[in-house]
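Observations on chain architecture
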Amino acid sequence: MMATPKTRNDAAPLLRARDVHKAFGPNEVLKGIDLDVMPGEVVAVLGPSGSGKSTFLRCINRLETIDRGFIEVDGAQIGYKLQGDRLTELTHAEIARQRRHIGMVFQQFNLYPHMTVLQNVTEAPIGVHGRPRAQAVAEARALLERVGMSHKESAYPRQLSGGQQQRVAIARALAIQPRLMLFDEPTSALDPELVGEVLATMRDLAGQGLTMIVVTHEIGFAQEAADRVVFMDGGVVVEQGPPGEVLVNPQHLRTRAFLGRFIN
Amino acid sequence: MSAADRTAGLARPDDPLRDVARAHRPFPWGRVALWAVVLVFVADFALLVAGNESFGWPVVFRYLFDPVVLQGLSVTLILTVVAMTLGVALGLPIAIARMSDDKLLGGLAWIFVWFFRGTPLLVQLIILYNLSFLFPQLSISVPFGPTLLSWNTNDVITPLTAAILGLALNEAAYMAEIIRAGLLSVERGQIETAESFGMSRGRTLRRIVLPQAMRAIVPPTGNQLISMIKGTSLVSVIAMSDLLYSVQSIYNRTFEVIPLLLVAVIWYLAITSILNVVQSRIERYYGRGHDRAAVAADLPQEAK
């Protein structure tokens, strides 16, 4: 499933978001987001703090509910089902089922502190996907190898550096064999010298055809690894396109102002 | 380097005699003197207690393993274990109910805690024991409908069941608040992460939230258990012959009040000492992955 070739880009979009609105009380954070993501595509979402990019990402796996609009992943509407002409909210158990193949990597890593590295990775495969323990452990070891963390499989998260924790968190998300990976500012909580190892891991994944939506401040990563850059500001998508266009020759004033801060 | 040497004045950094690796610590005369004084007082007091005839040590040792005392001890232990187990088992769902978004569930849990925490245990025990005065019959029936099963209240409420029920309900109220505090202490991000991986609510609670909450739950629970052991002595008012009641029954006959109370004291201390050891084991288990916390759990033992 991870080896979805990019030549399938003419297929149906993996993610479809239409007119997504979200407000926290009187504060309107998302003001109508439209976004399609194709299988195998790597989309970098850029934008200033408070632009709503993290909130939008969290709406995709329903960590946040939305007020208006529509989100669909892999052909299934997230959070609701249409019965006849009645749209009904899904139960917690049904939403849990929808999340089974959406991986997520958090800004603060959020590893389970009471479990070892290996247990962190095998928890969902065994407990949610019902995989046999031996198989889950073997797969987890292979994934830890891939992110360069196999030597720490029996360590506890607190004994690791931030970069190591985030690489374990990536392995943990990969262990559920995700069709879609969400990265919520995966390097923002890291010391500058640790950012590189995490970005290298992500670049590796991007090269292997995993569908990724990456909310980030790393312009360099967007430039090298993303197929498309989406620039958000004030709760809307201001402009989007290949990194070579949006990052090099931005059409909108707000994009230019934002990127200018990084270029200078 | 030469500039640094000059600003250092008399203390030259390259002087090998000034390497702190070879430094000595001054002998702690003050502390040693203090220790000596304290130990003299302690020894004097110990001799005073051991040599004092009024303490009646021979009487203490004669009754320490008396069958009546051991019988009382076993009642105290059984009451504690059963009431505590029921209290925790009942406290967990009450804590979860109090945290739920459901107004009715949360309200009922709140009322339970409000009542059982807000009234003296002694009063609860006496009311429970005299339940037949309020409800002569206990029955299982459809609300406002026919009765399915019925018992005479006095057959159901013996001193033992009244004691267990009273202690357990009271304990459940306190444990519910302790467990709730523990659940609240777990980071919101942990629950979100478990949810984002498609974990069910039950599994999230069991695998992710509770094991982390235990670090905050275990120490006050140890506290509760220890007050429960002593709290069981209240059941003597409803004629349960627990440890305290059984020594009382002996000294009412022999008038050796202090020696027999010492028997009870020795047993209470023996039980709580064992529990202290068990508690620190449990704390170390749930502290895994928290290096600093694990070290902190070891400290009290090293300090002794």
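Residues numbered from 1 in each chain as written. Chains lettered and ligands numbered in written order. Predicted model: local features only at pLDDT ≥ 70, side-chain atom pairs only at ≥ 80, totals over all residues. Heavy atoms only, no water.

Re the pairing of strand β2 (residues 27-37) of chain A
Residues and elements named next belong to chain A. This is how the line gets drawn: Here a strand pair is declared whenever DSSP counts at least two bridges between the two strands. Secondary structure follows DSSP: runs of H or I at least 4 residues long count as helices, runs of E at least 2 residues long count as strands, and numbering of each begins at the N terminus.
Two elements, strand β1 (residues 15-24) and β2, share eight bridges in a ladder whose sense is antiparallel. Among the inter-strand pairings, Arg16 is bridged to a residue of β2, identified as Asp36. In textbook terms, the turn of a hairpin is the stretch between consecutive antiparallel strands, and for β1 and β2 this stretch comprises two residues, one of which, Gly25, has a positive phi near 60°.

Some thoughts on the sheet that holds strand β8 (residues 102-105) of chain A
Residue and element names in this part refer to chain A. The following threshold applies: Throughout, an axis means a line fitted to C-alpha atoms (over the contacting stretch in the case of helices), and angles, computed between N-to-C directions, take values from 0 to 180 degrees. Contact between two residues is taken to exist if any of their heavy atoms lie within 4.5 Å; hydrogens are not considered.
Pairing is mixed across the open sheet formed by six strands, whose spatial order is β8-β9-β10-β3-β11-β12. Taken across any chain shown, the strands that pair with only one partner, and hence form the sheet edges, are β8 and β12 (236-241). Going across the sheet, the axis of each strand differs from the next one's by a mean of 20°, ignoring polarity. In the sheet, strand β11 (residues 228-233) pairs with β12 via five bridges, with the strands oriented antiparallel. Bridged to Asp233 within β12 is Val236. Lying over the sheet, helix α1 (residues 53-60) contacts β3 (42-46), β8, β9 (180-184), β10 (212-215) and β11, oriented at roughly 150° with respect to β9.

Comments concerning the nonpolar core
All names here are of chain A. The condition that has to hold: Nonpolar core, defined: a set of buried Ala, Val, Leu, Ile, Met, Phe, Trp, Tyr and Cys residues in which side-chain atoms within 4.5 Å join the residues together. The classification of residues rests on relative accessible area computed with a 1.4 Å probe and restricted to protein chains. Under 20% of the type maximum is buried, over 50% is exposed, and intermediate values are partly exposed.
In terms of nonpolar packing, the biggest core is built from 58 residues, with Ile170, Met181, Phe183, Met202 and Met212 touching the most fellow members. Broken down by element, the residue count for this core peaks at seven residues, all from helix α6 (residues 192-207). In terms of nonpolar packing, the next biggest core, distinct from the first, is built from 29 residues, Val20, Val29, Ile33 and Leu182 among them.

Side note on helix α11 (residues 201-231) of chain B
As a reminder of what qualifies: The span expected for a helix works out to 1.5 Å for each residue beyond the first. Think of it this way: the bend at a residue is just the angle between two axes, each fitted to seven residues, one set ending at that residue and the other starting at it.
The end-to-end C-alpha distance of α11 of chain B is 36 Å, clearly below the 45 Å that 31 residues give at a rise of 1.5 Å each. At Val209 of chain B, α11 of chain B shows its maximal kink, close to 45°; a proline, Pro211 of chain B, follows between one and four residues later.

So, the environment of Leu143 of chain A
All names here are of chain A. Of note, Leu143 is situated in helix α4 (residues 133-146). Using a relative accessible area of 9% as the deciding quantity, one classes Leu143 as buried. Between the alpha carbons of Leu143 and Ala171 there is a distance of 5.5 Å; along the sequence they are 28 residues apart. Excluding residues within four positions of it along the chain, Leu143 makes contact with Ala171, Leu174 and Ala175.

Remarks on the pattern of salt bridges
Heads up, the rule is: Each salt bridge in this description consists of a side-chain nitrogen of Lys or Arg and a carboxyl oxygen of Asp or Glu lying within 4 Å of one another.
For the coordinates displayed, the defined rule picks out 19 salt bridges over all chains. Asp36 of chain A is the partner of Arg18 of chain A in a salt bridge, and the nearest nitrogen-oxygen pair spans 2.9 Å. One end of the pair, Arg18 of chain A, is in strand β1; the other, Asp36 of chain A, is in strand β2, and 18 residues separate them in sequence. Because the salt bridges share partners, they merge into one network encompassing Arg98, Arg117, Glu177 and Arg180 of chain B.

Description of the confidence of the model for chain B
Residues and elements named next belong to chain B. Put simply, the rule reads: Confidence scores here are pLDDT values: one per residue, from the predictor, ranging 0 to 100.
Overall, the predicted model of chain B reaches an average pLDDT of 87, with 92% of residues at or above 70. When the criterion is pLDDT under 50, residues 292-304 qualifies, and its contacts beyond four places in sequence or with other chains add up to six contacts. Here the predicted complex carries an ipTM of 0.89, next to a pTM of 0.82.

Describing a nonpolar patch on the surface
All names here are of chain B. Inclusion rule: Each patch is assembled from residues with relative accessible area greater than 30% and no salt bridge, linking like charges that lie within 9 Å and nonpolar side chains (Val, Leu, Ile, Met, Phe, Trp, Tyr) that lie within 5 Å. Only the protein chains shown count as cover for residues, and all accessible areas are computed by the Shrake-Rupley method using a 1.4 Å probe.
On the surface, Leu122, Val123, Ile126, Ile127, Phe133, Leu134, Phe135 and Val237 cluster together into a nonpolar patch covering about 760 Å² of accessible area. The set of elements that each furnish at least two residues to the nonpolar patch consists of α6 (121-129) and α7 (131-134). Here the element with the most residues in the nonpolar patch is α6; it accounts for four residues. Counting through the fold element by element, Ile126 comes out in helix α6. Residue Ile126 is classed as partly exposed on the basis of its relative accessible area of 38%.

Here we look at the packing of helix α3 (residues 117-127) of chain A against α4 of chain A
Residues and elements named next belong to chain A. We apply this condition: What sets the label is the angle itself: under 35 degrees gives roughly parallel, over 145 gives roughly antiparallel, 65 to 115 gives roughly perpendicular, and the rest give oblique. Note on convention: near helix rotated counterclockwise from far helix by under a right angle means a left-handed crossing. Clockwise means right-handed. Under this grouping Gly is polar, as are all residues other than the nonpolar Ala, Val, Leu, Ile, Met, Phe, Trp, Tyr, Cys and Pro and the charged Asp, Glu, Lys and Arg.
Direction vectors running N to C along α3 and α4 enclose 130°, while the axes themselves pass 9 Å from each other. Between α3 and α4, the interaxial angle falls into the category oblique. Here α3 and α4 pass one another in a crossing that is right-handed. On α4, the residues that touch Val117, Leu118, Val121, Thr122, Pro125 and Ile126 of α3 are Arg133, Ala136, Val137, Ala140, Arg141 and Leu144. Split into classes, the residues belonging to the contact of α3 with α4 amount to nine nonpolar, one polar and two charged.

Details of the confidence of the model for chain A
When pLDDT is averaged along chain A, the result is 92; 95% of the residues meet or exceed 70. Throughout residues 1-9 of chain A the model reports pLDDT below 50, and contacts reaching past four residues in sequence, or to other chains, amount to 17 contacts.

Quick notes on the pairing of β1 of chain A
Note: β1 of chain A against strand β4 (residues 68-73) of chain A, five bridges, orientation antiparallel. Across the sheet, the residue bridging to Ala17 of chain A is Ile71 of chain A, located in β4 of chain A.

Let's talk about the interface of chain A and chain B
Much of the literature gives interface size as the accessible area that the parts lose upon coming together. Where we set the bar: The buried area of a pairing is the accessible area, by a 1.4 Å probe, that goes missing from both parts when the two are put together, added over both.
With 25 residues of chain A in contact, the opposing surface of chain B contributes 20 residues. Taking both sides of the interface into account, the surface hidden between chain A and chain B amounts to around 2300 Å²; carbon and sulfur atoms contribute 54%. For chain A, the biggest contributors to the area lost against chain B are His92, Tyr112 and His114 of chain A; these three give 28% of the whole. There are three salt bridges connecting chain A and chain B.

Let's talk about the side chain of Ser246 of chain B
All names here are of chain B. How we decide: Here a polar contact means two N or O atoms within 3.5 Å. Within protein one must be a hydrogen donor candidate and the other an acceptor candidate, and residues neighboring in sequence count only if both atoms are side-chain atoms.
As for its position among the elements, Ser246 is in helix α12 (residues 243-254). Side-chain polar atoms of Ser246 contact the backbone oxygen of Leu243, separated by 2.8 Å. Here Ser246 is in contact with Val68, Val69 and Gly72, once residues within four sequence places are set aside.

Some words on the packing of aromatic side chains
Residue and element names in this part refer to chain B. Here is the rule: Two aromatic rings, drawn from Phe, Tyr or Trp (for Trp, its six-membered ring), form a pair once their centres lie within 6.5 Å of each other, and the interplanar angle then sorts them: stacked below 30 degrees, edge-to-face above 60, tilted otherwise. Placement of a positive charge over a ring is assigned whenever Lys NZ or Arg CZ falls within 6 Å of the ring centre and within 35 degrees of the normal to the ring plane.
This structure, assessed with the given rule, holds nine aromatic pairs over all chains. Between Phe55 and Trp57 the ring centres are 5.8 Å apart and the planes differ by 5°, which places this aromatic pair in the stacked class. Given a relative accessible area of 25%, Phe55 falls into the partly exposed group. The class for Trp57 is partly exposed, based on a relative accessible area of 24%. Ring centres of Phe65 and Trp267 lie 5.7 Å apart, and the angle between their planes is 90°; on these two criteria the pair is classed as edge-to-face. Here the residue Phe65 occupies a position in the loop between α3 (57-64) and α4 (67-99), and Trp267 occupies one in helix α13 (residues 257-286), the gap between them amounting to 202 residues. A residue is classified by how much of its surface remains accessible, and Trp267, at 17% relative accessible area, is buried. Against the face of Tyr285 rests Arg288, its NZ or CZ located 4.5 Å from the ring centre.

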